[in-house]
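# Report on the structure
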Amino acid sequence: MVFRHNPLSLSIPQATLDAWAHEAAPIVNASNRRSGNPAGRSIANLTVDDLMQPPKPWREFFAIDRLRDAYGFPDRILRDIPGRITENIYTFIGNYLRVALVLMLCVLYKRPLAMLGILVVAKAWDWFRLNSADVDRQGLSYKISYVVLTIFTWAVLVYAAVTIALFIGALVTIGVICLHGGLRRRGPLKPLQNGRRR
């Protein structure tokens, strides 16, 4: 598709763009092969559709009945683990999101003041949103209310140590995802036949 020339954009001829893409493709492919990610997937390229995937069955996610087949240390740890993690995030994104939610709730359960702080701030902003729907956003009263609510939010977040709780929850979640994703072998497990692997 060729874009029309306009004064607000740069115009690159299609032939030049095709030549650049052709030159850049081997570099990207070599980089993906070095990182153990032959499919060219990257966590940064996750889309909303990827995030909306339903979770796989938990039995398939954990593979408890097939631990030896499902989990193992890679031969080249530093080279293979990033590719394994990326592939498993794409495969089990629905499961990882639910695990992350449960872990964050567990961390907040152990820190009830932080959980209360989050609920108070969420309720305050919800109240502000509902009550300022008909107010002129350029008016002085709206701006003062917004500044006061922002200061209140920061005060609650600092007093309740919400940032620390969320940071701990994020670290625990990242650790669990990296541990599971790094040890879980790629691809589907080989089917069993009469209780034995084919």
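Our subject in this report is the structure included herewith.

Within the fold, Thr173 resides in helix H9 (residues 162-183). Thr173 sits in the buried class, given a relative accessible area of 9%. In contact with Thr173, not counting residues within four places along its chain, are Ala100, Leu103 and Met104.

Let us now look at the packing of helix H6 (residues 93-110) against helix H7 (residues 112-131). Their axes nearest at 5 Å, the elements H6 and H7 cross at an angle of 110°. By the angle between their directions, the pair H6 and H7 is classed as roughly perpendicular. Here H6 contributes Leu105, Leu108, Tyr109 and Lys110 to the contact with H7, which in turn contributes Pro112, Ala114, Met115 and Ile118. For the contact of H6 with H7, the per-class residue count stands at 7 nonpolar, no polar and 1 charged.

All right, on to H6 then. Its 18 residues place the ends of H6 26 Å apart at the C-alpha level, agreeing with the 26 Å of an ideal helix rising 1.5 Å per residue. When we look at burial in H6, the residues that qualify are Ile93, Gly94, Asn95, Tyr96, Val99, Ala100, Leu103, Val107 and Leu108. As for H6, its buried residues are in contact with helix H2 (48-51), helix H3 (58-62), helix H5 (77-91), H7 and H9.

Analysis parameters
Per chain, residue numbering runs from 1 following the sequence as it is written. Only residues with pLDDT of at least 70 are given local features in this predicted model, and only at 80 or more are side-chain atom pairs given and counted; all residues enter the totals for whole chains, interfaces and linings. The side-chain values count all of the structure's non-hydrogen atoms but skip hydrogen atoms and water molecules. Here a helix means four or more residues in a row that DSSP labels H or I, a strand means two or more in a row labelled E, and each is numbered from the N terminus. With a 1.4 Å probe rolled over the protein chains alone, any residue whose accessible area is under 20% of its type maximum counts as buried; one over 50% counts as exposed, and the rest are partly exposed. Only heavy atoms matter for contacts: two residues are in contact if any of them lie within 4.5 Å across the pair. Only the stretch in contact is used when fitting a helix axis, every axis being a line fitted to C-alpha atoms; angles between N-to-C directions are given from 0 to 180 degrees. Put simply, angles under 35 degrees are roughly parallel, angles over 145 are roughly antiparallel, angles from 65 to 115 are roughly perpendicular, and the rest are oblique. When residues are grouped by polarity, Ala, Val, Leu, Ile, Met, Phe, Trp, Tyr, Cys and Pro land in nonpolar, Asp, Glu, Lys and Arg in charged, and all others, Gly among them, in polar. To estimate how far a helix should reach, multiply one less than its number of residues by 1.5 Å.

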